[in-house]
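# Descriptive analysis of the structure
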Amino acid sequence: MTAGRTEEAVTDVPAPRAAVAPGAEPRSLGARLLGPQRRNLWFWLFVGPFAIGLGLFTYVPLVWSVYLSFFDAHNTVSPAGSDFVGLGNYGAMLSDPAFLGSLGTFLLFTAFIVPATYALSLALALMVNRLRFAQAFFRSVFFLPTACSYVVAAVIWKLSIFNGVRFGLANTVLGWFGAEQTAWLSTTDPPWYWLVIVTVRLWLQAGFYMILFLAGLQRISPQLYEAAAVDGARPGWQVFRHITFPQLRATSVAVVLLLVINAFQAFDEFYNLLSDARGYPPYARPPLVYLYYTALGRDQNLGLGSAGAVILALIIAVATVVQARWFGLGRKEE
Amino acid sequence: MHDALTRAGRALRLVFLIALALLFLIPFYLLVRNGLATERDITAPGWTFFPHTLQWSNLTEVFRDPNLPLGRALLNSTLIAVSTTLGTVLLASLAGYGLARIPYRRANLVFYAILGTLMVPAAVTFVPSFVLVSTLGWISTLRGLVVPTLFSAFACFIFRQYFLGFPKELEDAARVDGLGYWRTYWRIVVPNARPVFAAVGTIVFIGAWNAFLWPLVIGQDREAWTVQVALSTFTTAQNLNLHELFVAAAVSIAPLVVVFLLLQRYIVAGVERSGIDD
């Protein structure tokens, strides 16, 4: 963020006040509310609709959710008439092995997807960045999956690549090497479904983070590389370790933060890959999938679901702040 | 000797890149292959690169299947994506301009209140938002699907950053000519800020078209299904026709791939300018 310019915008304010001639009539309350040259009015005409909408559809639901979470609200969104249970829903959620298991699933998923996406997108950016020709072509190819939805990707993964034992690309290719057929999505030991879930997200996301890294790479001054060459650093690993990687630090921090936040929101691919006509299997339920079934499934337990959402929001807030501190993120890089 | 090594390294890297690119393109190929194949070609035990017969009638058949309301879903998705994009761009650009350019003592406070919602991932608020939307009686309506998604703090943030760096001279000239904030914004700023409008618009459009959780929760009636919800419901159905599902999936991404390839450079510019990695 450009702090300097922000200040400029703010320090603009006193100037017109000074322009009010001394001895002028004291301004009425209305005039003061409107501000010099009706600036306050104009500010709220521009920002108001957005701010009100954001408040109504983000802050109000959050507060309502906290309120609802203290009630035994089944099938209803207004707690009137249902029992006040205090912190009961929170206790129930925090002692529910399925909910805790969903947090475990998230942690495991994050442990897979964050380093994998980070490494792949950085590698793609480094390779594409050094291309002398066809750079736009390769960039487009890797970026194109970003236009795909998780639903469409799940159709391809579930019903074509990692289809069950009868057909499917993965089993066919493995069959050429004499490997046995695998039921990818229903094998829990070993958990082959992880391979399916992680590769979908890698395919969809890597191109987007590659673009972020490419932007970062372009900002590194060529003089640094020249200096490194003069100092005798061998191109390749040494230059990467001592110049490129440290210079990409800000980008890396942003990428890791985004990856973790996005992993928290994992829903689409789990839901679409693992649920079928029989419902959702008991394994691999990240928090959102679990909340979806708690709040909007057969039980319609919105009080319990709200408690879960509040717990999740708190965990995310704490995790974000800790990460930001950890990486030394100030306001500047928010 | 050294030169030969470098050249060999470069060739190796290119081969590796081409292999990776093919790997990234395979899913698109599978989508088209299965969409044009016969049911037997998809489910036959031995997988072949080319289907034995190309069945172009799949393209029309999928629109006639009463189990998959694809036409209706495409219409819903189009309405939702277009109105979400227009609404978001209008609201967020106005707010971003106000925050960046209209001096107001508490502008920073308002800005941080908006920025704070970025910390709350939208998906975590789906239970409370569902509660609100159902209280309003907006379940399975277009406004229930669109209105709550219009207030994107991310879009507002990008616009604000962009307008902060916008040359002030242009606006000053307009002010000297006696234009107020509104006309300066509409006549000077908007026409000169087309790239950022295109960038945010494309990102919002892709996001709205591909959204899944919100339309799944709010669009409960069949009539309110988006393409994503229809496809997903079809995937979990008991008797599914794979060739229809694949052609429907291909149809659902076709408009997006076109938009994407045409406007790609704006997305890239928008991402680079978002200040995300600054």
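The rules behind the values
- Residues numbered from 1 in each chain as written.
- Chains lettered and ligands numbered in written order.
- Predicted model: local features only at pLDDT ≥ 70, side-chain atom pairs only at ≥ 80, totals over all residues.
- Heavy atoms only, no water.
- UniProt positions renumbered as here; feature names shortened; annotations may be inferred.
- Domains from an automatic or database assignment.
- Contact = heavy atoms within 4.5 Å.
- Buried area = accessible area lost by both parts, 1.4 Å probe.
- Polar contact = N/O pair within 3.5 Å; in protein donor to acceptor, adjacent residues only side chain to side chain.
- Salt bridge = Lys/Arg side-chain N within 4 Å of Asp/Glu carboxyl O.
- Helix = DSSP H or I, 4+ residues; strand = E, 2+ residues; numbered from the N terminus.
- Phe/Tyr/Trp six-rings, centres within 6.5 Å; stacked < 30°, edge-to-face > 60°.
- Buried < 20%, exposed > 50% of the residue type's maximum accessible area, 1.4 Å probe, protein only.
- Lys NZ or Arg CZ within 6 Å of the ring centre and 35° of its normal.
- 1 Å grid on protein atoms, 1.4 Å probe; cavity = no way out; pocket = protein on both sides within 12 Å on 5 of 7 lines; lining within 4 Å.
- Points joined across faces, edges and corners; volume = space filled by probe spheres on them.
- Nonpolar A, V, L, I, M, F, W, Y, C, P; charged D, E, K, R; others polar.
- Axes fitted to C-alpha atoms, helices over the stretch in contact; angles between N-to-C directions.
- Parallel < 35°, antiparallel > 145°, perpendicular 65-115°, else oblique.
- Left-handed = near helix turned anticlockwise from the far one by under 90°.

You'll find chain B entered in an unreviewed UniProt entry as Carbohydrate ABC transporter permease, with Streptomyces caniferus given as the organism. Its UniProt record gives chain B a comment under Subcellular location (unreviewed entry), which states: "Cell membrane". On record in UniProt, under Sequence similarities (unreviewed entry), the comment for chain B is "Belongs to the binding-protein-dependent transport system permease family."

Taking an unreviewed UniProt entry as the reference, chain A is identified by name as Sugar ABC transporter permease belonging to Streptomyces caniferus. Its UniProt record gives chain A a comment under Sequence similarities (unreviewed entry), which states: "Belongs to the binding-protein-dependent transport system permease family."

This part takes up the domain arrangement of chain B. Residue and element names in this part refer to chain B. We note that the domain assignment places domain 1 (1-54) and domain 2 (68-273) within chain B. One C-alpha centre belongs to domain 1, the other to domain 2; they are set 34 Å apart. Contact with domain 1, which involves nine residues of that partner, is made by nine residues of domain 2. Note on domain 1 versus domain 2: buried area summed over both sides is about 710 Å², and carbon and sulfur give 74% of it. Its largest share of buried area at the contact with domain 2, domain 1 owes to Leu 31, Gly 35 and Glu 39, together 60% of the area lost on that side. Where domain 1 meets domain 2, there are two residue pairs in polar contact (both at pLDDT 80 or more).

A separate point is the pattern of salt bridges. Taken as a whole and judged by the stated rule, the model has three salt bridges over all chains. The partner of Asp 276 of chain A in a salt bridge is Arg 278 of chain A, and the shortest N-O contact between them spans 2.6 Å.

The extent of an interface is frequently quoted as the accessible surface area lost upon association of the parts. Residue-level contacts link 107 residues of chain B with 104 residues of chain A. Summed over both partners, the interface of chain B with chain A buries about 9,600 Å², with 76% contributed by carbon and sulfur atoms. Between chain B and chain A we count zero salt bridges in total. Inspection of the chain B/chain A interface yields nine residue pairs in polar contact (both at pLDDT 80 or more). In terms of residues, the side of chain B that touches chain A owes the most to one element, helix 1 (residues 2-36) of chain B, which gives 16 residues.

The next point concerns the packing of aromatic side chains. Summed over the entire model, instances satisfying the criterion amount to 58 aromatic pairs over all chains. Ring centres of Trp 182 of chain B and Tyr 185 of chain B lie 6.1 Å apart, and the angle between their planes is 35°; this geometry places the pair in the tilted category. Remark: Tyr 185 of chain B and Trp 182 of chain B occur in helix 10 (residues 181-192); sequence separation between them is three residues, near one turn of the helix. Trp 182 of chain B sits in the partly exposed class, given a relative accessible area of 38%. Among the aromatic residues, those joined into a ring-pair cluster are Trp 42 and Phe 46 of chain A together with Tyr 97, Phe 159, Tyr 162, Phe 163, Phe 166, Tyr 181, Trp 182, Tyr 185, Trp 186 and Phe 197 of chain B. The aromatic ring of Tyr 293 of chain A is capped on one face by Arg 285 of chain A, whose charged end is 5.7 Å from the ring centroid.

Tallied over the full model, the rule gives two cavities of 30 Å³ or more. Looking at the second largest cavity, its volume works out to about 30 Å³. Every residue along the wall of the second largest cavity is listed here: Leu 159, Ser 160, Phe 167 and Gly 168 of chain A together with Arg 33, Asn 34, Ile 42 and Trp 47 of chain B. In the lining of the second largest cavity, the residues fall into four nonpolar, three polar and one charged.

This next bit is on the UniProt feature "transmembrane region" (unreviewed entry) in chain A. Residue and element names in this part refer to chain A. UniProt's entry tags residues 41-64, 99-124, 136-157, 192-215, 248-267 and 302-322 with the feature "transmembrane region" (unreviewed entry), counted in the numbering of this structure. Secondary structure across residues 99-124 comprises 100% helix and 0% strand; the distance between its end C-alpha atoms is 37 Å. The distance from the first to the last C-alpha atom of residues 136-157 is 27 Å, and the span holds 73% helix and 0% strand.

With that settled, the discussion passes to the packing of helix 4 (residues 39-68) of chain A against helix 5 (residues 107-116) of chain B. Running from amino to carboxyl end, helix 4 of chain A crosses helix 5 of chain B at an angle of 30°, the nearest separation of the two axes being 11 Å. With respect to each other, helix 4 of chain A and helix 5 of chain B are oriented roughly parallel. For helix 4 of chain A against helix 5 of chain B, the interelement crossing comes out left-handed. The residues of helix 5 of chain B that touch helix 4 of chain A, namely those facing Phe 43, Trp 44, Val 47, Phe 50, Leu 54 and Tyr 59 of chain A, are Ala 107, Val 110, Ala 113 and Ile 114 of chain B. Looking at the contact of helix 4 of chain A with helix 5 of chain B residue by residue, the classes come out as 10 nonpolar, no polar and no charged.

Let's shift gears to the UniProt feature "transmembrane region" (unreviewed entry) in chain B. All names here are of chain B. UniProt records the feature "transmembrane region" (unreviewed entry) for residues 12-32, 73-97, 109-132, 138-159, 196-217 and 245-263 in the present numbering. In residues 12-32, helix accounts for 100% and strand for 0%; the two terminal C-alpha atoms are 30 Å from one another. Between the end C-alpha atoms of residues 138-159 there is a gap of 30 Å, over a span that is 55% helix and 0% strand.

Take unusual backbone geometry next. Between Asp 189 of chain A and the following residue, Pro 190 of chain A, the backbone shows a cis peptide bond with an omega angle of 0°. Locating Pro 190 of chain A in the fold gives a position in the loop between helix 9 (169-176) and helix 10 (193-218). Backbone geometry at Ser 140 of chain B places phi at a positive 60°, although glycine is not the residue there. Assignment of secondary structure puts Ser 140 of chain B in the loop between helix 6 (126-135) and helix 7 (142-146). The exposure class of Ser 140 of chain B is buried, given its relative accessible area of 18%.

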